Amino acid sequence: MIPTPGSYQPYADVRRVNFGMSFGVVAVDAADAATASTAAAQFAASQIQQTHDRVELASAPFATLEHNIWVLDGSMSIYPEDLAGIQTGYLSEEMSNDEGVLTGQPTITFDFSTPQDSYGLTFRFDDQIPYIWPSKIKVTFFDSSGSQLFSDEYNITSTYVWVESLVQNYSRITVTFLSTAVPHRRARLIELIFGIVTRYDRKSIVSTSDQQSIDLLSESLSSAQLTVTIDNSEKLYNLVNPTGIYEYLQNGQYVNYWYTIGGQTVNAGIRYFYAAESDDSGLTASITFNDRLILLDDVVFNGGSSGAWTLQEAITAILTAAEIKTAPTFENDLESVVIRKCIPQETSAREAIRMCAQAAMCTCYVDPNDSLHFIRPVLKEIPDDPLTRDRLAEEPTVNIGDRYNAVTIKRNDSYVEDTEEESYTLSAAEEGDMSITKEVSNDLVNDMEEWAQWALPWIQRRTSFDIEYRGNPAIEMGDTMQVYDAFNVNGMALVESHDLEFNGGLSGSMTARR
């Protein structure tokens, strides 16, 4: 589940739901080219590298020992001991004085590996805690020689601020926090966007469709897709000749989007522009965004060879070849699983990742932090979300899949001459039963016997549910649902796909496998 505060109630009897997103004129390469640092002391939960990772929301309203910040209504969360996968952004160790002044003037420095141009900067402060923004900041741009290009001070009055600073060919930005809106507060920054963005919400969005899925056996690697239909009655989006902020959607721009239920915000993630079309004689425009997996179809990976490496080494090599700097996330020590290196030449990066995940006996998806997230789903005793009948739109449909009682894994090494294909078969067929075998080919499988012992139980999971329910945007792939069905079995099932539809209200559907 995506982290949410304890007061989050996705199935309240009466709920107000909002969908929000932001996109705009952004220096596409700036976030990847940036390195953030500070000479000032940081709070223990600060993660300064998250200030340019394209994620615009903190995971939750986290409580600290700042004066009068801890609202006792159940909405605040405690920082977990392990911050992996948790968005906190930058927090200074210093707190402002009685007048709200930060006497130490904590400063974040962004250094860029290549010179950048920006039409402005957009600052994203934590909007889950009231008045948590700095009241004044100073922004300075420098070129590669260290010469100052531009500098100005800005008064801040909200959690989402654009500052006008048309600067070209800069190699460094410094952001200095001078004061806070409320005394005795730390300097905070969730995200610095190197450009200007436009925000959309239910007032300007007609409908959305948000789809994501995984394959528990990693026979496919799906790209999540978000389709947003916006009100285009003023013809702001012109497909024939796009102008203004929409023109830049054609140049690899990304969208950050979120859901809000009962005042609690869930960060849904990041998607990248893929296509657009105009409907209803131009009265509406539908824009489609996909996660970064779809961008990897056009990247060819030729880094295979004979031998073995860990899953982490393999994925790092593929992402490096694709020039993706966002680090992958591995659960349950999956990073140390050993697989073979013999990825065939001219394999797309997306297919290479799929082969690696399958060989490592896991699956993956892109999580809300824009990270490739590798999981080995396991049914939990306590569900992440019990889908009781009051949360269902109708009784779940039960599906029974193909019956298999054996699996055969085949592999070859194209980097070794005159090698023959190897295979291993594991059967659960009882004596006298016909063997119905599923065959899988993957050259990267290291231990075929171990792989078959992992795969056969998944192949034999024949029961799945098609579920229509009220919708919970905090659900992630591989979560455990307790499905209340017509047979009163009410057992646990793993989420394989999840679709959310927003049209002023929210509804959801999912496929879960038992």
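Fair warning: this is a prediction, and the values are worked out from it, not measured in the lab. (Residues numbered from 1 in each chain as written. Predicted model: local features only at pLDDT ≥ 70, side-chain atom pairs only at ≥ 80, totals over all residues. Heavy atoms only, no water.)

## What to know about the environment of S371
Relative to the helices and strands, S371 is located in the loop between strand 23 (363–366) and strand 24 (372–375). In sequence terms S371 and D291 are 80 residues apart; their C-alpha atoms lie 9.9 Å from each other. In this view, S371 contacts T326, A327, P328, T329, Y365 and V366; residues no more than four positions away in its chain are not counted. Engagement of the side chain of S371 in a polar contact is seen with the side chain of T329, the distance being 2.9 Å. (Helix = DSSP H or I, 4+ residues; strand = E, 2+ residues; numbered from the N terminus. Contact = heavy atoms within 4.5 Å. Polar contact = N/O pair within 3.5 Å; in protein donor to acceptor, adjacent residues only side chain to side chain.)

## Examining the pattern of salt bridges
In this structure the tally under the stated criterion is 18 salt bridges. Across the pair E66 and R186 runs a salt bridge whose closest N-O atoms are separated by 3.9 Å. Taken as a pair, E66 in the loop between strand 2 (34–37) and strand 3 (90–95) and R186 in strand 10 (residues 186–189) lie far apart in primary sequence, 120 residues in all. Each member of the pair E66 and R186 is classed as buried. With its nearest N and O atoms 3.1 Å apart, the salt bridge here joins E496 to R513. One end of the pair, E496, is in strand 32 (residues 492–502); the other, R513, is in strand 33 (residues 506–513), and 17 residues separate them in sequence. (Salt bridge = Lys/Arg side-chain N within 4 Å of Asp/Glu carboxyl O. Buried < 20%, exposed > 50% of the residue type's maximum accessible area, 1.4 Å probe, protein only.)

## Brief notes about the packing of aromatic side chains
Applying the stated rule across the entire model yields 19 aromatic pairs. A centroid spacing of 5.2 Å and a plane angle of 80° characterise the contact between F112 and F194, whose relative ring orientation is edge-to-face. In this pair, F112 is assigned in strand 4 (residues 107–118) and F194 in the loop between strand 11 (191–193) and strand 12 (195–200), connecting sequence segments 82 residues apart. Each member of the pair, F112 as well as F194, is classed as buried. On the basis of an interplanar angle of 50° and a centroid distance of 5.4 Å, the ring pair of Y131 and W133 is categorised as tilted. Take Y131: its relative accessible area is 52%, and that puts it in the exposed class. On the basis of relative accessibility, which here comes to 13%, the residue W133 falls in the buried class. The ring of W258 carries R124 above its face, with NZ or CZ at 5.4 Å from the centroid. R199 extends its terminal NZ or CZ atom over the ring of Y160, reaching a point 4.1 Å from the ring centre. (Phe/Tyr/Trp six-rings, centres within 6.5 Å; stacked < 30°, edge-to-face > 60°. Lys NZ or Arg CZ within 6 Å of the ring centre and 35° of its normal.)

## Re the sheet that holds strand 27 (residues 406–411)
The mixed open sheet is built from 3 strands, whose spatial order is 28-27-29. Each edge of the sheet is formed by a strand with only one pairing partner; in this case those strands are strand 28 (422–427) and strand 29 (437–441). Each strand axis lies, on average, 15° off the axis of its neighbour in the sheet, ignoring direction. Where strand 27 meets strand 28, 6 bridges bridge the pair, whose relative direction is antiparallel. Residue K410 lies in a different strand from strand 28, and its bridge partner there is S423. (Pairing = 2+ DSSP bridges. Axes fitted to C-alpha atoms, helices over the stretch in contact; angles between N-to-C directions.)

## Overview of the sheet that holds strand 11
Spatial strand order, 8-5-11: 3 strands in an open sheet with antiparallel pairing. Every interior strand has two partners, whereas the edge strands, strand 8 (160–163) and strand 11, have only one. Across the sheet, the axes of successive neighbouring strands diverge by a mean angle of 20°, strand direction being ignored. Where strand 5 (residues 121–124) lies against strand 8, 4 bridges are found, and the strand directions are antiparallel. Among the inter-strand pairings, L121 is bridged to a residue of strand 8, identified as V163.

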